[in-house]
Number of protein chains: 2
Amino acid sequence: MIKKNMLRKYAKLIVQVGVNLQKGQSAVIFAEADQHEFVTYVVDECYKSGASEVRVEWSFQPITKLHYRHQSVKTLSRVPDWVEEKHKENAQNLPCMIHLLSEDPDGLNGINRSKLQKSQQARYQVLKPYRDAMENKYPWTIAAVPSAKWAKKVFPGLRTSAAIEKLYEAIFETVHITEQNDPIAAWTAHNQTFKERCDTLNALHLDRLTYQSANGTDFTVWLIPEAKWEGGGETTLNGHYFNPNMPTEEIFTAPMAGKAEGRLVATKPLSYYGEIIDDFSITFKNGEASSWTAKTGADALSKMIESDEGARRLGEVALVPFDSAINNQNLLYYNTLFDENASCHFALGDGYTNLINGYENMTKEQLREIGVNQSMIHVDFMVGAPDLSITGYTKENTAVPIFKQGKFCI
Amino acid sequence: MIKKNMLRKYAKLIVQVGVNLQKGQSAVIFAEADQHEFVTYVVDECYKSGASEVRVEWSFQPITKLHYRHQSVKTLSRVPDWVEEKHKENAQNLPCMIHLLSEDPDGLNGINRSKLQKSQQARYQVLKPYRDAMENKYPWTIAAVPSAKWAKKVFPGLRTSAAIEKLYEAIFETVHITEQNDPIAAWTAHNQTFKERCDTLNALHLDRLTYQSANGTDFTVWLIPEAKWEGGGETTLNGHYFNPNMPTEEIFTAPMAGKAEGRLVATKPLSYYGEIIDDFSITFKNGEASSWTAKTGADALSKMIESDEGARRLGEVALVPFDSAINNQNLLYYNTLFDENASCHFALGDGYTNLINGYENMTKEQLREIGVNQSMIHVDFMVGAPDLSITGYTKENTAVPIFKQGKFCI
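Residues numbered from 1 in each chain as written. Chains lettered and ligands numbered in written order. Predicted model: local features only at pLDDT ≥ 70, side-chain atom pairs only at ≥ 80, totals over all residues. Heavy atoms only, no water.

Asker: Kindly report on the pairing of strand 2 (residues 53-59) of chain A, identifying the contributing residues and their values.
Answerer: Moving residue by residue along a regular strand, the side chains alternate between the two faces of the sheet. With 5 of its 7 residues buried, strand 2 of chain A lies for the most part within the structure. Read from strand 1 (residues 26-32) of chain A through helix 2 (residues 36-48) of chain A to strand 2 of chain A, the crossover connection turns out right-handed. (Buried < 20%, exposed > 50% of the residue type's maximum accessible area, 1.4 Å probe, protein only. Helix = DSSP H or I, 4+ residues; strand = E, 2+ residues; numbered from the N terminus. Right-handed = clockwise from strand over helix to strand, strands pointing away.)

In structure tokens form, the structure reads like this:
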């Protein structure tokens, strides 16, 4: 049994460090119904931090699966007026948003992917204006809690209760919680290390990165000159500091949309909308995914890449050493929040606008023009390998080794 | 462990007999998050019956309690535009509404009742037009599933898992589900018995009923001449047959608002918004509750009766013999859905308009004028006793014994 004081410590960390909720702010928590106990702790911590109001947006994956199985594309695509109104209110009130992931990594296996894709495209079009309106204006965080099915996927040999306990312990380790410590102080120290790494990389003003591994990865990606490397905490436009991912071990930047060449071989499976994609590689030409193969989940991968025009292009380049604390756990989480922080990765799809120097004064269109990708998706996939070498090149073609044998070498 | 096939049988009964969902209709399910497994069965059955769309409106009582504890009356009172829009859409689409009760009977114990009352009053005013607009137009049902806390309240001596199992078994008995039977056929037969009882009473055209018991009950209530006795299934204005309560053992009619005299002594505790009211009696003068006492939950009782003007008057008179199947279980459910069907009862508050002959062609105002009570609350309380005698009187003052020694005698 996971001790209640540890669950409370975790809930408090999510509220105080994750979204860093301030007195008088409201919060929205997105969670699965089977996590009602932990969610209650998070709600309690929100109120203890002075939340004016907390709303829980529940879902439950087996029911989500029934919706996708039985509803027509037309019904799935419809955004009721009240849902649009809710997004509008969020864009006005800018609540803290807490996402608690706990889903079975392949819990939506078997649903019609084309139905999923079409309905998501339709809903995205309606809701995009509200998402755009609140971009970079509200604090948000993604954290995870074990469901029975997810825990059994990570620890298939254990009984359910033992698997859940073990997964909780592993998660606590990744987010720097121990019985004795003050995790808030641990996060402050942890975030400081990223700042130093980012400063070093930002000073290099790299034009492009090349990736090479014996597994077949042979790839070059060009960066946006105005884009910074960032990692750890972020700040909203009105100065609210928050930590969008718990855990986090990555530093990342925005690649130039439409400028990438070569092949990336994935080194970890990817759970995308409840289906596992595994043993896959993607080849880029003129910055766009031009061909791809997957031994598992090929259809899901295709549907993902074909979500929209921007889904074929890269939106994120992230560096994580092969000996990162999470990778040293030697666990396959089947959950991107953890696996992306255990491995160098890229994201297909939307790029982060707040990485661009001066983004506060630029329109979405201007940001797109200088190379920030736009898409309805943003999906990380992992390419870290023990022998991965990454070399940076400046505009003047000076080579700067960044990774050797899977680790930072600068 | 409750067998899955029994849970599926129950879910199917709720969908096919409770709301009697028809192909192409949508459904909304109101449920607590800890019931996610059973809710999944109900969603599945909705789709199997051809639902176009199913929405689950989740809540979780411990979180509800946190909201009432920490939010201001102003925040609790506010109905966001998107919530109003959702009610508007419900009033247009008229989905089947399934309410699954599972709450701890005193799970909201200790919250500020005045805060609860004020915020409910405010929300009621905003949402009333939408509720009025859909009245008698959509099928709905209330059924129950055991939560751990509720089960332990009913069976305090058992371990949690055994208590849940035992409460499930008791509930299955009340809704006519056995391992072998076809509960749908059992419901058809059961409902037939109410029809016969109602026909007998309707033929008497009673003017009033008097109640007498050695426990102190000494009471007269006047009935609305145009009101029928009904029980079992109901029919919406456009002819959709449904069963609003599962289980049901009552026949009921509409009392004349403002015409009742004497004292009613409650014979079972009442769980009202998560607090238990027990050992109470209410005295009526000129049809209004004029004084009341309660050994437990006196404040909750007062707040309830003072909800609005109509909350002081009666909205329902219901007859249930002391030897009803549910009462013969000798269980105290602390849940009105069961306890009201184990005992003669009255409701304070809103009256059912569809009991009035010709209600289809009458306005809310006309219905109020002929004596149907209106209120934001409708709360049943139980007065059945083993020695209860009820005598009906016609307009011509002919006495007709209805109950002797707690049972029907006509």
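Asker: So what about the nonpolar core? Which residues, and what values?
Answerer: A:Tyr10, A:Phe38, A:Leu100, B:Phe38 and B:Leu100 are the most contacted members of the largest nonpolar core, which totals 110 residues. One finds A:Cys198, A:Leu301, A:Ala311 and A:Leu348 within the second-largest nonpolar core, a separate group that totals 47 residues. (Core = buried A, V, L, I, M, F, W, Y, C linked by side-chain atoms within 4.5 Å.)

Asker: Could you give me a rundown of the environment of B:Ser77, with the residues and numbers involved?
Answerer: Residue and element names in this part refer to chain B. Of note, Ser77 is situated in helix 4 (residues 73-77). The class of Ser77 is buried, set by a relative accessible area of 17%. C-alpha of Ser77 to C-alpha of Arg113: the two residues are 36 residues apart in sequence and 14 Å apart in space. Setting aside residues no more than four positions away along its own chain, Ser77 makes contact with Lys118, Ser119, Ala122 and Arg123. (Contact = heavy atoms within 4.5 Å.)

Asker: Quick rundown of the sheet that holds strand 15 (residues 314-319) of chain A? Include the residues and the values.
Answerer: Residue and element names in this part refer to chain A. Pairing within the open sheet is antiparallel, and its 5 strands lie in the order 7-10-15-16-17. Bordering the open sheet on either side are strand 7 (230-231) and strand 17 (378-382), each of which pairs with just one other strand. Bridge count for strand 15 against strand 16 (residues 345-349) is 4 bridges, and the pairing is antiparallel. By the bridge assignment, Ala318 is partnered in strand 16 with His345. (Pairing = 2+ DSSP bridges.)

Asker: Explain helix 8 (residues 160-174) of chain A to me, and be specific about the residues and the numbers.
Answerer: Residues and elements named next belong to chain A. Over its 15 residues, helix 8 extends 21 Å from the first C-alpha to the last, a length consistent with the 21 Å expected when each residue adds 1.5 Å. Within helix 8 the residues assigned to the buried category are Ala163, Leu167, Tyr168, Ala170, Ile171, Phe172 and Thr174. On the buried face of helix 8, the contacting elements are helix 1 (4-18), helix 2, strand 4 (140-144), helix 7 (148-154) and helix 11 (336-339). Where helix 8 terminates, the next one or two residues include His176, which has phi positive at roughly 65°. (Expected span 1.5 Å × (residues − 1).)

Asker: Let's hear about the relation of the copies chain A and chain B: which residues, and what values?
Answerer: Aligned on chain B, chain A shows an RMSD of 0.0 Å; the corresponding rotation is 180° and the shift along the axis is 0.0 Å. On this basis, the relationship between the two copies can be described by a two-fold rotation axis. (Least-squares fit on C-alpha atoms with pLDDT ≥ 70 in both.)

Asker: Any chance you could break down helix 3 (residues 61-70) of chain B for me, citing the residues and the numbers?
Answerer: Considered for burial, the residues of helix 3 of chain B that qualify are B:Gln61, B:Ile63, B:Leu66, B:His67 and B:Tyr68. In the core, the buried residues of helix 3 of chain B are packed alongside helix 2 and strand 2 of chain A together with strand 1 (26-32), strand 2 (53-59), helix 4 and helix 6 (113-134) of chain B.

Asker: Give a description of the sheet that holds strand 1 of chain A that names residues and reports values.
Answerer: All names here are of chain A. Strand order in the open sheet formed by 4 strands is 2-1-3-4, with parallel pairing between adjacent strands. Of all the strands in the sheet, the pair left with one neighbour each is strand 2 and strand 4. Ignoring which end each strand starts from, the neighbouring axes of this sheet average 15° apart. Sheet analysis places strand 1 next to strand 3 (residues 96-101), joined by 4 bridges and oriented parallel. Bridge pairing links Ala27 to Cys96 in strand 3. Together, strand 3 and strand 4 form the strand contacts of helix 1, whose direction differs from that of strand 4 by roughly 155°. (Axes fitted to C-alpha atoms, helices over the stretch in contact; angles between N-to-C directions.)

Asker: Which residues make up the packing of helix 1 (residues 4-18) of chain B against helix 9 (residues 183-204) of chain B, and what values go with them?
Answerer: All names here are of chain B. Between helix 1 and helix 9, the least distance of the axes is 10 Å, while the angle of their chain directions is 45°. On the basis of their axis angle, the class for helix 1 and helix 9 is oblique. In this structure, the crossing between helix 1 and helix 9 has a hand that is right-handed. On helix 9, the residues that touch Lys9, Leu13, Gln16 and Val17 of helix 1 are Pro183, Ile184 and Trp187. Tallied by class, residues from the contact of helix 1 with helix 9 come to 5 nonpolar, 1 polar and 1 charged. (Parallel < 35°, antiparallel > 145°, perpendicular 65-115°, else oblique. Left-handed = near helix turned anticlockwise from the far one by under 90°. Nonpolar A, V, L, I, M, F, W, Y, C, P; charged D, E, K, R; others polar.)

Asker: How would you sum up the interface of chain A and chain B? Please name residues and give values.
Answerer: Across the boundary between the two partners, chain A contributes 29 residues, which contact 29 residues of chain B. Summing the contributions of chain A and of chain B, the shared interface buries around 2900 Å²; its carbon and sulfur component is 65%. When the buried surface of chain A facing chain B is broken down by residue, A:Tyr47, A:Trp58 and A:Trp82 rank first, second and third, together holding 23% of it. At the boundary of chain A with chain B, the tally comes to 4 salt bridges. In this structure, A:Glu89 and B:Arg78 form a salt bridge, with 3.4 Å as the shortest nitrogen-oxygen distance. Counting across the interface, chain A meets chain B through 8 residue pairs in polar contact (both at pLDDT 80 or more). Of all the secondary-structure elements, those providing two or more residues to the side of chain A that touches chain B are helix 2, strand 2, helix 3 (61-70) and helix 5 (81-93) of chain A. Looking at the side of chain A that touches chain B element by element, the count peaks at 6 residues for helix 2 of chain A. Along the lines of polarity and charge, the residues of the side of chain A that touches chain B split into 13 nonpolar, 7 polar and 9 charged. (Buried area = accessible area lost by both parts, 1.4 Å probe. Salt bridge = Lys/Arg side-chain N within 4 Å of Asp/Glu carboxyl O. Polar contact = N/O pair within 3.5 Å; in protein donor to acceptor, adjacent residues only side chain to side chain.)

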